Amino acid sequence: MRRPRSRRELADRLFAVQSLFALLVIFVVAILASPRRDGEILFLTAGNLGNIVRAVSEIGIIAIGMTFVVLLGGIDLSVGAILGLSAVGTATLMVDSGLGILPAVAAVLAIGVLFGALQGYAVARLGIQSFIVTLAGLQVARGIARIWSGGLGIPIAYGDGPQEAPPAFELLNGSINGVFPVPAVLFVLIGVAAVVVLRTTAFARHVYAIGGNEKAARLSGVPVTRVKVAVFAVAGLLAAVAGVVHAGQLNQGSPNDGAGYELDAIAAVVIGGTSLAGGSGSMGGTLAGALLLGILNNILALNNIDANVQLLIKGLVIVLAAALQKLRRGIA
């Protein structure tokens with residue numbers, strides 16, 4: 001086997017698996033720190049593991065879209081608000097407007113794509129920083145959600161009568177064979193698709209090129225504007241998907257849903273090893289980062305750790321991940 005030719009190559013190999021190694025470590029720590037009941041490790045029970053993947057599914061789906069944006073060298077602060085808007089739209093269209101599942105979901109996903117594409121256009125064509133554009137988008141999406149819902153949560157009741165949603169939509173709150181939560185299955189399927197896209201398509205190569213050096217990418221013939229619009233459209237689409245899942249899990253759509261989700265999604269991306277400077281990272285790392293956060297939240301809750309201490313611990317984990325990125329650049 002060929003030996004690494006430089007410190008850079010060795011560092012790349014090590015950091016390529018940092019998120020998977022960290023996930024393994026936190027999993028082992030969770031087992032050791034888990035409370036026991038009648039000799040059974042509570043963390044490893046099927047019900048608890050199902051709860052973890054169910055809880056992480058929405059953040060994970062958003063984080064997949066966020067990965068594309070961060071690889072591009074941008075940031076999207078609007079995804080949590082788009083989730084809230086999508087949850088409100090899903091509930092309102094099915095309950096108040098009487099639409100079926102497919103028309104309602106299609107309309108909501110179209111809203112997510114349009115919202116993201118408009119933000120991408122503002123970033124690419126108007127030259128406004130993505131932080132500013134999506135910060136404004138966050139406010140706009142929350143405002144539209146509150147106007148649409150009258151500022152109130154829209155409960156989802158199931159049935160065939162007026163003001164009731166189709167009973168089939170309740171499947172989003174169920175499990176396959178009583179083991180695999182439907183939201184988690186969606187998260188895995190979307191994650192696998194994203195891994196394939198990021199590893200095999202010309203679109204992904206363009207994203208990496210723009211994130212690495214936008215000027216050089218443009219001179220090389222990369223359609224920078226189209227790629228940026230597409231990336232933000234994908235982020236909007238996946239935030240809308242998470243909003244539909246959210247409405248199905250909570251049986252309601254509220255304009256306040258998704259508050260702070262964008263920060264958790266960014267945390268999953270950073271923990272997964274994607275550089276906030278753009279041009280470097282992997283989708284597999286993001287998936288591992290999302291699961292790591294889910295396991296960390298779960299084991300802290302199982303041990304009844306104070307909520308404020310939980311925030312402190314999660315913050316330290318994020319800082320550690322960012323420090324590792326800086327260390328990688330220093331080695332390079």
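Keep in mind it's a predicted model, so treat the numbers as computed, not measured.

Trainee: Any chance you could explain the overall build of the chain here in plain terms?
Mentor: When helices and strands are tallied, the chain shows 13 helices and 6 strands. Relative to a compact globule of 332 residues, whose C-alpha radius of gyration would be 20 Å, the chain shows 20 Å and is just as compact. The C-alpha extent of the chain, read off along each of the three principal axes, is 70 × 60 × 35 Å. For the chain, with 332 residues in total, the buried portion stands at 47%. Across the chain, every contact between residues at least 6 apart in sequence was considered, and the portion connecting residues at least 24 apart equals 75%. Total accessible area computed for the chain in this model is approximately 15800 Å², and 66% of it derives from carbon and sulfur atoms. Looking at charge distribution, the chain has the averaged site of its 22 positive side-chain charges lying 21 Å from that of its 15 negative ones.

Trainee: How do you make sense of the environment of leucine 114 when you look at a structure like this?
Mentor: By secondary structure assignment, the location of leucine 114 is in helix α5 (residues 101-125). In this structure the C-alpha to C-alpha distance between leucine 114 and leucine 237, which are 123 residues apart in sequence, comes to 8.4 Å.

Trainee: Is there a simple way to think about unusual backbone geometry in this case?
Mentor: For residues besides glycine, phi is generally negative; the peptide bonds are generally trans as well. Unlike most non-glycine residues, glutamine 163 shows phi in positive territory, near 60°. With respect to the element layout, glutamine 163 can be found in the loop between β3 (154-155) and β4 (175-176). You can call glutamine 163 partly exposed: its relative accessible area is 49%. In this structure, asparagine 304 is a non-glycine residue whose phi angle is positive, near 55°.

Trainee: Could you clarify how one ought to interpret a nonpolar patch on the surface in this entry?
Mentor: A grouping of Leu126, Ile128, Phe131, Ile132 and Leu135 is seen on the molecular surface, where their side chains present a nonpolar patch of about 450 Å² in accessible area. Structurally, isoleucine 128 can be placed in the loop between α5 and α6 (130-149).

Trainee: Looking at this model, I keep getting lost on the packing of helix α3 (residues 46-71) against helix α11 (residues 261-271). Mind explaining?
Mentor: Describing two packed helices takes the angle between their axes plus the distance from one axis to the other. Packing of α3 against α11 leaves a shortest axis separation of 8 Å and a crossing angle of 65°. By the criterion of interaxial angle, the relationship of α3 to α11 is roughly perpendicular. Note on packing geometry: the crossing formed by α3 with α11 is right-handed. Counting all contacts with α3, which are made through Glu58, Ile59, Ile62, Ala63, Met66, Thr67 and Val70, the residues of α11 involved are Tyr261, Glu262, Asp264, Ala265, Ile266, Ala268 and Val269. Partitioning the contact of α3 with α11 into residue classes produces 10 nonpolar, 1 polar and 3 charged.

Trainee: Sorry, what's going on with the environment of asparagine 48 here?
Mentor: Here asparagine 48 is to be found in helix α3. For the pair asparagine 48 and arginine 142, spaced 94 residues apart in the sequence, the C-alpha separation amounts to 33 Å. Not counting chain neighbours up to four residues away, the residues in contact with asparagine 48 comprise Leu42, Phe43, Asn298 and Leu302.

Trainee: For this particular structure, what's the right way to read helix α4 (residues 79-96)?
Mentor: Owing to its 3.6 residues per turn, the α-helix brings residues three or four apart onto one side. Taking 1.5 Å per residue, 18 residues should reach 26 Å; α4 reaches 25 Å between its end C-alpha atoms and fits that length. Burial within α4 is extensive, with 17 of its 18 residues counted as buried.

Trainee: When you look at the pattern of salt bridges in this model, what are you seeing that I'm missing?
Mentor: For the structure shown, the criterion picks out 2 salt bridges. For glutamate 214, the salt bridge is made with arginine 218, and the minimal N-O distance between the two is 3.0 Å. Residue glutamate 214 and its partner arginine 218 are located together in helix α9 (residues 214-219), separated by 4 residues, close to a single helical turn. Residue class for glutamate 214 comes out partly exposed when judged on its relative accessible area of 30%. Close ionic contact of lysine 228 with glutamate 214 constitutes a salt bridge, the shortest N to O distance being 3.0 Å. Taken together, the residues lysine 228 in helix α10 (residues 224-250) and glutamate 214 in helix α9 connect sequence positions 14 residues apart. Exposure remark for lysine 228: the relative accessible area of 10% places this residue in the buried category. Salt bridges here are not isolated pairs; linked through shared partners, they connect Glu214, Arg218 and Lys228.

Reading the values: the criteria
Residues numbered from 1 in each chain as written. Predicted model: local features only at pLDDT ≥ 70, side-chain atom pairs only at ≥ 80, totals over all residues. Heavy atoms only, no water. Helix = DSSP H or I, 4+ residues; strand = E, 2+ residues; numbered from the N terminus. Rg over C-alpha atoms; globule rule 2.2 N^0.38 Å. Buried < 20%, exposed > 50% of the residue type's maximum accessible area, 1.4 Å probe, protein only. Contact = heavy atoms within 4.5 Å. Areas by Shrake-Rupley, 256 points an atom, 1.4 Å probe, with all protein chains shown as cover. Lys, Arg positive; Asp, Glu negative; His and termini not counted. Charge placed at Lys NZ, Arg CZ, Asp CG, Glu CD. Patch = residues over 30% accessible without salt bridge, like charges linked within 9 Å, V, L, I, M, F, W, Y side chains within 5 Å. Salt bridge = Lys/Arg side-chain N within 4 Å of Asp/Glu carboxyl O. Axes fitted to C-alpha atoms, helices over the stretch in contact; angles between N-to-C directions. Parallel < 35°, antiparallel > 145°, perpendicular 65-115°, else oblique. Left-handed = near helix turned anticlockwise from the far one by under 90°. Nonpolar A, V, L, I, M, F, W, Y, C, P; charged D, E, K, R; others polar. Expected span 1.5 Å × (residues − 1).

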